[in-house]
Amino acid sequence: MDNSLPVFRVVAAGRGWDWIVQGFELFKRNPGIWVAITVIWILLNMAASITGAGALAAPLFAPVLLGGMLIGCARLVRDQELEISHLFAGFKQPFLPLLGVGLGLLIAQWAVALIAGMLALTLGAGTFLSGATLSGSASEAAIAASVLAGLGVGILVVILVALLLYGVVLMAFTFAPALAVLGNVAPIAAIQSSFKAAWANWRPLTIAGLIALPLCIIAAIPLMLGYLVLIPVLIGASYAAYRDIYPELPEQLAEDTP
């Protein structure tokens, strides 16, 4: 397991579109298995959301399942067969690095929620204190309007801060699962490298996101059935982005090890 930060490159903004196209090409190679994998993945997430413990633990195992699907993408690129079992391939040899990435994701999400919650409480308390200060010099209507306006601004600030922090988390974990499972990079180094690579390549990643957004809306129209295609396409696109940005990093699957 390599603790050093792997070398990445900065690519053109137009590569974001190419990644989506490559993701669709990977889906077309075995659409039936991809749909089956996606159905199982959705059912697992639904089952996890039923209990509080499952919902809290979901980020811990999300990189493990994603890592398995990335292994499937790598197999397809090698003209090998994609199998349903690849969804769980991350629980085999690269399990601990992927679990480490999942632990980092879990801690990061908790940190964002904690910061947003503390900020909301602070701004809320400040708003009500300012309303109490006005109680002796303004009408009840003016006080109520002031408090509501303050709460509205406070909510907007909390949302913007949460989005900003979550954007940082997203960059830190964009490539981390692929680096851990395919690049043999240690979890902390994978998270650090992912953030730096995503920050440097924000243009193509933004283009890919802007393309994915309307596709998500379209996929939701036919009873959400479009996501059975879109989810594998986006996973394939993430694999294509990883290989494009880390072209010199050797790729070794668990089955390649004697």
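Our subject in this report is the structure included herewith.

The rules behind the values
- Residues numbered from 1 in each chain as written.
- Predicted model: local features only at pLDDT ≥ 70, side-chain atom pairs only at ≥ 80, totals over all residues.
- Heavy atoms only, no water.
- Helix = DSSP H or I, 4+ residues; strand = E, 2+ residues; numbered from the N terminus.
- Buried < 20%, exposed > 50% of the residue type's maximum accessible area, 1.4 Å probe, protein only.
- Areas by Shrake-Rupley, 256 points an atom, 1.4 Å probe, with all protein chains shown as cover.
- Phe/Tyr/Trp six-rings, centres within 6.5 Å; stacked < 30°, edge-to-face > 60°.
- Polar contact = N/O pair within 3.5 Å; in protein donor to acceptor, adjacent residues only side chain to side chain.
- Contact = heavy atoms within 4.5 Å.
- Patch = residues over 30% accessible without salt bridge, like charges linked within 9 Å, V, L, I, M, F, W, Y side chains within 5 Å.
- Salt bridge = Lys/Arg side-chain N within 4 Å of Asp/Glu carboxyl O.

**Notes on the overall build of the chain**
Item 1. Of regular secondary structure, the chain possesses 9 helices and 0 strands.
Item 2. In sequence order, the secondary structure elements of the chain are arranged as α-α-α-α-α-α-α-α-α.
Item 3. Across the 258 residues that make up the chain, the buried fraction comes to 38%.
Item 4. If you sum the accessible surface of the chain, you get close to 13500 Å²; carbon and sulfur atoms cover 75% of it.

**Looking at the packing of aromatic side chains**
Item 1. Counted by the stated rule, this structure contains 7 aromatic pairs.
Item 2. Taken together, a centroid distance of 6.2 Å and an interplanar angle of 65 degrees make the contact between F8 and Y246 edge-to-face. Linking F8 in the segment before α1 (15-29) with Y246 in the segment after α9 (227-245), this pair joins segments that are 238 residues apart in sequence.
Item 3. The exposure class of F8 is partly exposed, given its relative accessible area of 27%.
Item 4. A relative accessible area of 0% means that Y246 is categorised as buried.
Item 5. Where F24 meets F27, the ring centres are 6.3 Å apart and the plane angle is 25 degrees; that geometry is what we call stacked. Within this pair, F24 and its partner F27 are both found in helix α1, separated by 3 residues, close to a single helical turn.
Item 6. F24 gets classed as partly exposed once you look at its relative accessible area, which sits at 38%.
Item 7. A relative accessible area of 8% places F27 in the buried class.
Item 8. Joined through ring pairs, the aromatic side chains of F8, F175, Y242 and Y246 make up one cluster.

**Focus on the environment of L163**
Item 1. Mapped onto the secondary structure, L163 falls in helix α5 (residues 140-173).
Item 2. Judged by relative accessible area, L163 falls into the exposed class, the value being 57%.
Item 3. Put simply, L163 and A116 are 47 residues apart on the chain and 9.7 Å apart in space, counted from C-alpha to C-alpha.

**Focus on unusual backbone geometry**
Item 1. With phi around 60 degrees, D79 is a residue other than glycine that occupies positive phi space.
Item 2. Tracing the backbone through its elements, the reader meets D79 in the loop between α3 (52-77) and α4 (95-133).
Item 3. Judged by relative accessible area, D79 falls into the exposed class, the value being 67%.
Item 4. Residues other than glycine seldom take positive phi values, yet N184 does so here, at roughly 60 degrees.

**A look at the side chain of H86**
Item 1. Looking at the element boundaries, H86 is found in the loop between α3 and α4.
Item 2. A polar side-chain atom of H86 sits 3.1 Å from a polar atom in the side chain of R75.
Item 3. Contact partners of H86, with chain neighbours within four places excluded, come to G68, M69, I71, G72, R75 and E81.

**Structural notes on a nonpolar patch on the surface**
Item 1. Residues I155, L156, I159, L160 and L163 make up a contiguous nonpolar surface patch of about 500 Å² in total accessible area.
Item 2. The topology assignment puts I155 in helix α5.

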